[in-house]
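Observations on the model geometry
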Amino acid sequence: MECNFCPRKCKVNRTENAGFCRVKGLTIARVGKHEWEEPCISGTRGSGTIFFSGCNLRCIFCQNDAISRSDYGQVISVDTLGKLMLYQQDSGAENVNLVSPTQFVGQIAEALEKYKPQIKIPIVYNSNGYESLEQLKRLEGLIDVYLPDLKYADNSLAMEYSSAPHYFETAKTAIAEMKRQRPKNVFVNGMLRRGVIVRHLVLPGNLDNSKKVLDYLASFDRNIYVSLMAQYFPTTDVKAHPLLGRTLTQNEYDEISSYFKQCGLHNGYFQELSSNSDEYVPDWSLENLKEVIGKV
Ligand code: SF4
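Here's a quick rundown of the structure. Residue positions are given per chain, counted from 1 along the sequence in the order it is written. Residues qualify for local features only when their pLDDT is at least 70, as the model is predicted, and side-chain atom pairs are given and counted only at 80 or more; totals for whole chains, interfaces and linings, by contrast, use all residues. To obtain the side-chain values, all non-hydrogen atoms of the structure were used and water was disregarded.

A regular strand carries its side chains on alternate faces of the sheet. Type-normalised accessible area, obtained with a 1.4 Å probe on protein chains alone, sets the label of each residue: buried when under 20%, exposed when over 50%, and partly exposed for intermediate values. A run of H or I in DSSP counts as a helix once it spans at least four residues, and a run of E counts as a strand once it spans at least two, with each numbered from the N terminus. Burial analysis of strand β5 (residues 123-127) places five of its five residues in the buried class, the great majority of the element. Neither face of β5 is exposed, since Ile123, Tyr125 and Ser127 on one face and Val124 and Asn126 on the opposite face are all buried. One requirement defines pairing of two strands: DSSP has to find at least two bridges between them. With four bridges connecting them, strand β4 (residues 96-99) and β5 associate as parallel partners. Within β5, the position partnered with Asn97 by the bridge is Val124. Assignment of crossover handedness uses the view with strands pointing away from the viewer, where a clockwise path from the first strand over the helix to the second indicates a right-handed crossover. Since β4 and β5 lie parallel, the crossover through helix α4 (residues 105-115) that links them has a hand, and here it is right-handed. As paired strands, β5 and strand β6 (residues 145-148) are joined by four bridges and run parallel to one another. When the bridges of β6 are listed, Tyr125 appears paired with Tyr146.

Next up on the list: the environment of Tyr72. Here Tyr72 shows up in the loop between α2 (65-68) and β3 (74-75). Taking relative accessible area as the criterion, Tyr72 reaches 29% and is therefore assigned partly exposed. In the structure, Tyr72 is positioned 162 residues away from Pro234 in sequence and 21 Å away in space, judged by C-alpha atoms. Contact partners of Tyr72, with chain neighbours within four places excluded, come to Thr27, Ile28, Ala29, Ser53, Ala66, Ile67, Trp284, Ser285 and Leu286. As used in this structure description, the phrase polar contact means that two N or O atoms lie within 3.5 Å; if the pair is within protein, one of them must be able to donate a hydrogen and the other to accept it, and residues adjacent in sequence are counted only when both atoms belong to side chains. Polar contacts involving the side chain of Tyr72 include one to the main-chain carbonyl oxygen of Trp284, which spans 2.5 Å. Contacts are residue-level and defined by heavy atoms, with any inter-residue pair within 4.5 Å sufficient.

It is worth spelling out the side chain of His34 at this point. Residue position: His34 is located in strand β1 (residues 27-34). Overall, the relative accessible area of 10% leaves His34 in the buried class. Here His34 is in contact with Ser42, Gly46, Ser47, Thr49, Tyr280 and Pro282, once residues within four sequence places are set aside.

Another point: the site of the ligand. Definition of nearness: a residue and a molecule or strand are near each other if at least one heavy atom of the residue lies within 4 Å of the molecule or strand. With respect to spatial proximity, the complete set of residues near the ligand consists of Cys3, Phe5, Cys6, Arg8, Lys9, Cys10, Val12, Arg14, Gly19, Phe20, Cys21 and Gln103. As a working rule, the residues Ala, Val, Leu, Ile, Met, Phe, Trp, Tyr, Cys and Pro are called nonpolar, Asp, Glu, Lys and Arg charged, and the rest polar, with Gly in that last group. For the shell around the ligand, the residue count by class is seven nonpolar, two polar and three charged.

Another point: the packing of aromatic side chains. Only Phe, Tyr and Trp rings are paired, with Trp represented by its six-membered ring, and only when their centres lie within 6.5 Å; those with planes under 30 degrees apart are stacked, over 60 edge-to-face, the remainder tilted. Counted according to the given criterion, the structure contains 13 aromatic pairs. Here Phe61 and Tyr161 contribute two aromatic rings whose centre-to-centre distance is 6.2 Å and whose plane-to-plane angle is 85°, an arrangement assigned as edge-to-face. Residue Phe61 is located in the loop between β2 (47-52) and α2, and its partner Tyr161 is located in helix α6 (residues 155-162); the two are separated by 100 residues in the primary sequence. Through a chain of ring-to-ring contacts, the aromatic side chains of Phe61, Tyr130, Tyr152, Tyr161, Tyr167 and Tyr232 assemble into a single cluster. In our convention, an over-ring charge means Lys NZ or Arg CZ found within 6 Å of a ring centre and within 35 degrees of that ring's normal. Across the ring face of Phe20, the terminal group of Arg8 is positioned such that the distance to the ring centre comes to 3.6 Å. It is Lys172 that lies over the ring of Phe168; its NZ or CZ is 4.2 Å from the centre.

Next up on the list: the pattern of salt bridges. Between Lys or Arg on one side and Asp or Glu on the other, a salt bridge is scored when a side-chain nitrogen of the former is within 4 Å of a carboxyl oxygen of the latter. Applying the stated rule across the entire model yields 16 salt bridges. For Lys9, the salt bridge identified is with Glu134, shortest N-O distance 4.0 Å. With Lys9 in the segment before β1 and Glu134 in helix α5 (residues 133-138), this residue pair connects regions lying 125 residues apart in the sequence. In this structure Lys9 comes out as partly exposed when scored by relative accessible area, which is 39%.

Moving on: the nonpolar core. Of all hydrophobic cores here, the largest spans 82 residues; its most connected members are Ile50, Phe61, Met85 and Leu150. Not counting the four nearest positions on each side in its chain, Met85 is found in contact with Ile50, Val96, Leu98, Ala111, Leu112, Ile119 and Ile123. What we call a nonpolar core is a set of buried Ala, Val, Leu, Ile, Met, Phe, Trp, Tyr and Cys residues that are connected through their side-chain atoms within 4.5 Å. Core analysis: the second largest hydrophobic core is formed by eight residues, Cys40, Val124, Ile197 and Tyr269 among them.

Next up on the list: the environment of Lys295. With respect to the helices, strands and loops of the structure, Lys295 is situated in helix α10 (residues 286-295). Residues Lys295 and Pro148, spaced 147 residues apart in sequence, show a C-alpha to C-alpha distance of 30 Å.

All right, on to the environment of Phe51 then. Structurally, Phe51 can be placed in strand β2. Taking the C-alpha atoms as reference points, Phe51 and Ile41, ten residues apart in sequence, are found 15 Å from one another. For Phe51, the residues in contact, after removing those within four places along its chain, are Ile28, Ala29, Arg30, Asn64, Ile67, Val99, Pro282 and Trp284.

Coordinates in, geometry out; function isn't part of it.
This is the structure we're talking about:
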């Protein structure tokens, strides 16, 4: 099979070779509860995350670089993936949260086609927004909550920071499709059962990009839910970068938070600046991962 799971369309045979995303078979890096998502995603019991290895972007500042730049993790079958979703449900998670799923969208669709009837909690598709429209259509009815990023409204920045050609058009098309599938956010007891939240990570020294992102979202749908993230921290690779080598200042985040309201958006999630630390990066222990896989 020639891989066309994402807009890069590498056309490699993933049973033999890795493409741009650097992973071949279905590989996961972590299964666990996550308490630091938006309140309507983490709730009181935690979000049932399944982190996938590799990535179809190459963000120079990647906050999860330990798992995104290699095939670090454990190869599993489609059936095991479905059983891990049931495991998250049985262990009381608020939802099943598929983190960085794009490079395995085909296997995810297969697992959900078989296991979704047994899963009563929402399935969350938590992606970087660099998605293939055709593949998203395949997920229709299988995904309850879409949590896409809109990282850039500036394609030159997307190339410089993430090596992603046509990022803005691609992510806009993806978000429009997600909204078509899940047009209305439905909350039950404060928890999101169905819908779309667009995330935007505010990058230091790049406020013009953030404003353009918010302008676009307000023009697309002023009622759209947006999560404005302040948690950026410089990883080792960008410590010396002239703009990305520091955390966000309170003034920068305040400016973008004010702009959010000025441009007409009103459904938002905001973060404390204290979230900008690597202490919030999950533990990538392979022992823990193997222990969980062994239980299903
Ligand atoms: S999922 Fe990976 S191999 Fe497939 S098209 Fe995208 S980057 Fe290439």
